[in-house]
Amino acid sequence: MSGAVPMSWALLLALVLFALGLIGLLVRRNLVFILMSIEVMLNAAGLAFVAAGARWGEPDGQVMFLFILAVAAAEVAIGLALVLQMWRRFGDVDADLTGRRDGG
Amino acid sequence: MAGALPFVIAFPFAGFVILALAGARMSRRAVAAIGAGSVGLAAAAALVAIPAWLAAPHRELVCTLWRWIEAGSLSTPIMLRLDALSLVMTGVVTGVGFLIHLYSIEYMRDDDGYARFFAAMNLFVAAMLVLVLADTLVLLLLGWEGVGLCSYLLIGFWYRDPANGRAARKAFVVTRIGDTAMLIGLLVLFDRLGTFAIPELMARAAARWPVGSPVAIAVAALLLAGAVGKSAQLPLQTWLPDAMAGPTPVSALIHAATMVTAGVYLIARTHVLFELAPPVQTAVAVVGVLTLLMASFAALAQHDIKRVLAYSTISQIGYMFLALGVGAWTAAIFHLVTHAFFKALLFLGAGAVIHAVDGEHDIFKMGGLARRMPLTFWTFTAASASLAGLPLVTAGFYSKDLILWRALSAPGIGPLLWAGGLAGAFLTAVYIFRVVFIAFVRPAAEPGRALHRPGPWIGVPLVVLAVLALTAGALEVPRTLGGVHLFSHLLSGVLPEAAHEGSLGLEAGAQLAAAVVALAGVAVAWWAFGRRPESVAAPLGTAPRRRVFELWADGWGFDALYDRVVVRPLVRLSEAAKGDAIDALAMSIAGLAVRLNRGLALTQDGRVRRTLAVLAAGAVLVGALAVLT
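Residues numbered from 1 in each chain as written. Chains lettered and ligands numbered in written order. Predicted model: local features only at pLDDT ≥ 70, side-chain atom pairs only at ≥ 80, totals over all residues.

**Some words on the overall build of chain A**
Stated formally: Numbered from the N terminus, helices here are DSSP runs of H or I no shorter than four residues, and strands are runs of E no shorter than two. What the globule rule says is 2.2 Å times the number of residues to the power 0.38, and the radius of gyration is computed from C-alpha atoms. Here exposure depends only on C-beta density: within 10 Å of a residue's C-beta, 20 or more other C-beta atoms make it buried, 12 or fewer make it exposed, and intermediate numbers make it partly exposed, the C-beta atoms being placed from the backbone. C-beta atoms are placed from the backbone for every residue, and two residues are taken to be in contact when these atoms lie within 7 Å.
The number of helices and strands found in chain A is 3 helices and 0 strands. Reading chain A from its N terminus to its C terminus gives the helix and strand order α-α-α. Scaling as 2.2 N^0.38, a compact globule of 104 residues should have a C-alpha radius of gyration of about 13 Å, whereas chain A reaches 17 Å, well beyond that. Considering only C-alpha atoms, chain A reaches an extent of 60 × 25 × 20 Å along its principal axes. Buried positions account for 12% of the 104 residues belonging to chain A. Considering only residue pairs separated by 6 or more positions, chain A has 49% of its internal contacts joining residues 24 or more positions apart.

**Overview of the overall build of chain B**
Check the secondary structure of chain B and you find 26 helices and 4 strands. Relative to a compact globule of 629 residues, whose C-alpha radius of gyration would be 25 Å, chain B shows 28 Å and is just as compact. The 629 residues of chain B split such that 51% are buried. For chain B, restricting intrachain contacts to residue pairs at least 6 apart in sequence, the fraction spanning at least 24 positions comes to 80%.

**Looking at the environment of Ala44 of chain A**
All names here are of chain A. Structurally, the position occupied by Ala44 is in helix α2 (residues 31–56). A tally of 20 C-beta atoms within 10 Å means that Ala44 is categorised as buried. Spatially, the C-alpha atom of Ala44 lies 19 Å from that of Arg28, the residues being 16 residues apart in sequence. Residues contacting Ala44, with those up to four places away along its chain left out, are Ala14, Leu17, Phe18 and Gly21.

**A few points about the packing of α2 of chain A against helix α3 (residues 60–90) of chain A**
Residues and elements named next belong to chain A. Definition in use: Here, axes are lines fitted to C-alpha atoms. For helices the fit covers the stretch in contact, and angles between N-to-C directions go from 0 to 180 degrees. Any angle between 65 and 115 degrees counts as roughly perpendicular, while under 35 counts as roughly parallel, over 145 as roughly antiparallel, and the rest as oblique. Ten residue types, Ala, Val, Leu, Ile, Met, Phe, Trp, Tyr, Cys and Pro, are classed as nonpolar, four, Asp, Glu, Lys and Arg, as charged, and the remainder, Gly among them, as polar.
Two elements in contact, α2 and α3, have axes whose closest approach is 9 Å; the angle formed by their N-to-C orientations is 175°. If you check the angle between α2 and α3, you find them roughly antiparallel. On the side of α2, the interface is formed by Leu31, Val32, Leu35, Glu39, Leu42, Ala45, Gly46, Phe49, Val50, Ala52, Gly53 and Ala54, while α3 contributes Asp60, Gly61, Gln62, Met64, Phe65, Ile68, Ala72, Val76, Gly79, Leu80, Val83 and Met86. Here the residues of the contact of α2 with α3 sort into 17 nonpolar, 5 polar and 2 charged.

**So, the nonpolar core**
Put simply, the rule reads: Joined through C-beta atoms within 7 Å, a set of buried Ala, Val, Leu, Ile, Met, Phe, Trp, Tyr and Cys residues constitutes a nonpolar core.
Counting 227 residues, the largest nonpolar core has Ala344 and Ala469 of chain B as the members making the most contacts within it. Among the elements that take part in this core, helix α15 (residues 329–356) of chain B stands out by supplying 19 residues, more than any other. For Ala469 of chain B, the contacting residues outside a window of four places in its chain are Phe341, Phe342, Leu345, Ala382, Ala383, Ser386 and Ala395 of chain B. Listed in part, the 5 residues of the second largest apolar core include Ala14, Ala44, Ala48 and Ala51 of chain A.

**Points about α15 of chain B**
Residues and elements named next belong to chain B. Heads up, the condition is: Given the number of residues in a helix, its expected span is that number minus one, multiplied by 1.5 Å. A residue's bend is simply the angle between two axes: one fitted to the seven residues ending at it, one to the seven starting at it.
Helix length check: α15, at 28 residues, gives a terminal C-alpha distance of 40 Å against a target of 40 Å (1.5 Å per residue), a fit within 8%. The largest bend in α15 amounts to roughly 25° and is located at His339. Here α15 lies mainly inside the structure; 26 of its 28 residues are buried. Looking one or two residues past α15, Asp358 carries a phi angle of roughly 60°, positive in sign.

**Remarks on the pairing of strand β1 (residues 61–71) of chain B**
Residues and elements named next belong to chain B. Threshold: By this definition, two strands are paired if DSSP reports at least two bridges between them.
Of all 11 residues making up β1, only 1 are buried, and the element is barely covered by its neighbours. Relative to strand β2 (residues 74–82), β1 is paired through 9 bridges, and the arrangement is antiparallel. Looking at the pairing, Leu61 lines up with Leu82 of β2. In textbook terms, the turn of a hairpin is the stretch between consecutive antiparallel strands, and for β1 and β2 this stretch comprises 2 residues, one of which, Gly72, has a positive phi near 60°.

**Some remarks on unusual backbone geometry**
Residues and elements named next belong to chain B. In the segment running from Leu234 into Pro235, the intervening peptide bond is cis, with an omega of 0°. At Ala232, a position not held by glycine, the phi torsion is positive, near 55°. Owing to 30 C-beta atoms within 10 Å, Ala232 belongs among the buried residues under this scheme.

**A look at α3 of chain A**
All names here are of chain A. With 31 residues, α3 should reach 45 Å at 1.5 Å per residue; the first-to-last C-alpha distance of 44 Å fits that figure. Within α3, only 0 of the 31 residues are buried, which leaves the element largely exposed. Where α3 ends, the next residue or the one after it, Gly91, has phi of about 70°, a positive value.

**Concerning the confidence of the model for chain B**
Going by this rule: Per-residue confidence from the predictor is given as pLDDT, running between 0 and 100.
On average, chain B scores 83 in pLDDT, and the residues at 70 or more come to 95%. Predicted complex, confidence summary: ipTM 0.73, pTM 0.76.

**Let's talk about the packing of helix α11 (residues 260–269) of chain B against helix α14 (residues 305–325) of chain B**
All names here are of chain B. Contact geometry of α11 with α14 gives a least axis separation of 10 Å together with a crossing angle of 0°. Viewed along their axes, α11 and α14 adopt a mutual orientation that is roughly parallel. In this structure, α11 uses Val260, Val264, Ile267 and Ala268 to contact α14, whose residues at the interface are Thr313, Ile317, Met320 and Leu324. Here the residues of the contact of α11 with α14 sort into 7 nonpolar, 1 polar and no charged.

**Some points on the environment of Ala520 of chain B**
Residues and elements named next belong to chain B. On the secondary structure map, Ala520 appears in helix α22 (residues 504–530). Taking the number of C-beta atoms within 10 Å as the measure of exposure, Ala520 has 14 and is therefore partly exposed. Sequence-wise, Ala520 and Gly194 are 326 residues apart; in three dimensions their C-alpha atoms are separated by 53 Å.

This is the structure in C-alpha cells:
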C-alpha cells in the first residue's frame with residue numbers, strides 16, 4: 001500500500017494530540033474546556049488504535065475506537081451535567097472551586 | 001443427652017451476643033424474654049444433660065469441643081467436664097441466676113440500659129459456667145477473667161456517677177492482685193507437671209509431690225491468693241462492700257451465684273494440691289475464721305442495708321474457707337449452695353425494699369415495712385433465719401452446723417477455729433436480725449410515705465428462694481437428727497470426705513451450742529434494736545464505744561490503710577516517673593508520627609489541577625524510564 005500514511009506519522013499525530021489535551025487539562029480552569037481537553041486525549045488514543053489496526057489489517061483497532069466513542073459519550077453526558085449543576089450552584093465553572101476543603 | 005452440655009454455656013452467651021448487638025433496637029419485652037430466657041434455657045440444658053451424666057463412667061461427662069491452642073507440647077482443647085461438683089455449681093449458677101434474671105425483668109424495668117444490663121448479666125452467667133465446667137486450667141482461667149470483666153461492667157453499670165466507676169475499678173484492680181498470683185500458680189503447675197488438664201494435673205501432683213513439698217506449698221499458696229481475691233477474703237476483701245454500687249440484682253448475682261463463690265470452687269476443685277500442702281490448708285482455715293469474725297463485726301455497724309449484706313457475704317464465704325481449711329470439702333460446697341439460696345433472697349428482698357422506698361438504702365430511714373410489705377418481710381425473715389442458722393427449720397443451720405462440727409473435730413487448732421466460727425454465728429444472728437428489726441418491725445421513721453409494691457416478677461423469685469432457703473437443709477442432715485447424706489453421697493466421687501468422726505455426744509453438744517448461739521443472737525438483736533424503738537437511732541453511748549463502732553462501720557479501716565500503704569505511694573511514684581527516658585522515647589515516636597502527618601497532609605490540599613499535574617508528571621517519568629532504559 002504505497003499511498004498509505006506511515007504508521008509512525010499517525011502515532012506522532014496521536015502523541016501531539018494527547019500532549020495538547022493534557023496541557024489543556026492542566027492549564028485551563030474552565031471546566032468546559034477541561035472536558036474538551038479530555039475529549040482530545042480520548043481521540044488521540046483512538047487514533048493510535050485505528051492506526052495500529054490499519055497497520056496489521058485487523059478490525060480490533062476500529063472496535064476499540066467504537067468503545068472509546070461510547071465511553072467518551074457517556075463521560076461527556078455526566079461531565080456536562082456536573083458542569084451545569086456547578087453553574088447553577090456557584091454561578092461559575094472554575095475547576096479550582098471544587099478543591100475547596102469545606103466541600104463547596 | 002451428652003450433647004446438651006455445651007448448650008449450657010452457649011445459651012447465655014448467645015443471649016449476650018444478641019442483646020449486645022441488637023438489644024438497643026429491641027422492645028423491652030423482647031430484651032426481657034431473651035435475657036431471662038437464655039438463662040432459663042441453660043438451666044434446662046443442664047437438666048437434659050443429667051441422664052447422660054448418670055450413665056457416664058465414673059459419673060464424669062467429658063465433652064471435647066475443639067482444639068484451642070496447639071503449640072509444641074502445649075495442647076489446650078476446649079473441654080467441658082460435668083461431674084458432681086460442677087453439676088452442683090451449674091445448678092446453682094443457672095437456677096439462682098435464672099430467678100435473679102426473672103426478678104430483674106421488673107426491677108430494672110425503668111432503666112435506660114435495659115438491654116445493656118441483660119447483656120452483661122448473660123455474659124456473667126456464661127463466664128461463670130465456663131469456669132465451673134472447664135476441664136483445663138486455661139479454660140478455667142478464661143471463665144475466671146470473664147467473671148472479673150463482667151463484675152466490672154455491672155458494678156459500674158450506672159456509669160454516670162463517677163463513684164460507681166471508681167467502685168468498679170476498685171473491684172477489678174483488687175481482684176486482679178489475686179488473679180496475678182493465680183496465673184503464676186497455674187504456670188508453675190504447667191511447668192512442673194506438663195499439662196493443663198485438671199484431672200491429669202491432680203493425679204500427677206499426687207504421684208510426684210510428697211506431702212509438704214515446697215513446690216506444692218508454693219502452688220497452693222498462689223492459688224489461695226487467687227481465691228482470696230475473687231472471694232473477697234482477708235486481706236483482699238475491700239472491693240466487695242464498694243461493689244454495692246451496682247444494681248441490686250447484680251449484687252445478688254455476684255454474691256450468690258457467681259464471682260465470690262469462684263474462689264471456694266477453685267480450692268475445692270484443686271483440693272489435691274491443698275492436701276499436699278498442710279500449712280497452706282491451715283492458712284485457708286485461719287483466713288476463713290479471721291475474715292468471718294472481721295466481717296461480722298463490720299456488718300454490725302453498717303447503716304446501708306446492702307453493705308450489711310456485703311459484709312455478711314464476706315463472712316459466710318469465710319465459713320466456706322474454714323470448711324475447706326479443715327478438709328470438709330463437701331460441707332463447704334453445701335454451705336455454698338444454701339448460702340446461694342438465702343443470700344440471693346436477702347439481696348432480692350433488700351432490692352424490693354429499696355425499690356419500695358425510692359432508692360433509700362439506710363435502714364434507719366425505713367421501718368414499719370413488715371405490715372406494709374408482708375411478702376417481702378416474710379421472705380426476708382426466712383432468709384435471715386437461714387443466714388443466722390436458726391435450728392432445725394432452716395437450711396443455713398444444717399450447712400453451718402456441718403462446718404462447725406468438722407472444725408471442732410479437726411486435729412490441731414480445730415477447737416480454736418470452732419470457737420471463732422461459733423462466735424461468728426452469734427454475731428451473724430445479731431447483725432441480720434438487727435436489720436430485720438430496724439427496717440421491718442420498728443415503726444416507720446416517716447409514716448405515710450408511699451410505697452411501691454413489688455409485682456409478680458419480684459414476688460415469685462422471692463417465694464421460690466424462700467422455700468429453698470428453708471428446706472434445702474434436708475439434703476444433708478447430721479446423724480444426730482436422723483442422718484440424711486444425699487449431698488455428700490452425690491459429691492463423694494469428686495471430693496474425699498474427712499475420715500475422722502468424733503463421738504456422737506460431742507456432735508450433739510456442738511449442735512446444741514450452735515443452736516443456742518443462733519437463738520441468743522436473735523434475742524440480743526431484739527433486746528438491743530427491736531425492744532426499744534426510740535433508742536435505736538442513737539445506740540452509741542460513750543465515746544470509746546462510738547469509736548469502736550465507727551471503726552467497724554469503716555470495715556476496720558482497711559481502705560484507709562491500703563490507701564496510705566499502697567495507693568498513695570504508687571501514685572506518687574508514677575507521677576515522679578512521668579517524664580523518664582522510656583516515656584520520652586514513646587513520646588518521640590508519637591511526635592514523629594505527628595510531624596510526618598503534617599508533612600504529608602500538605603500534598604492533600606484538594607486542588608484537582610495540581611494533583612493532576614503531579615500525576616501527569618509521574619506518568620511521563622515512568623514512560624520515559626520505560627523507553628530510555
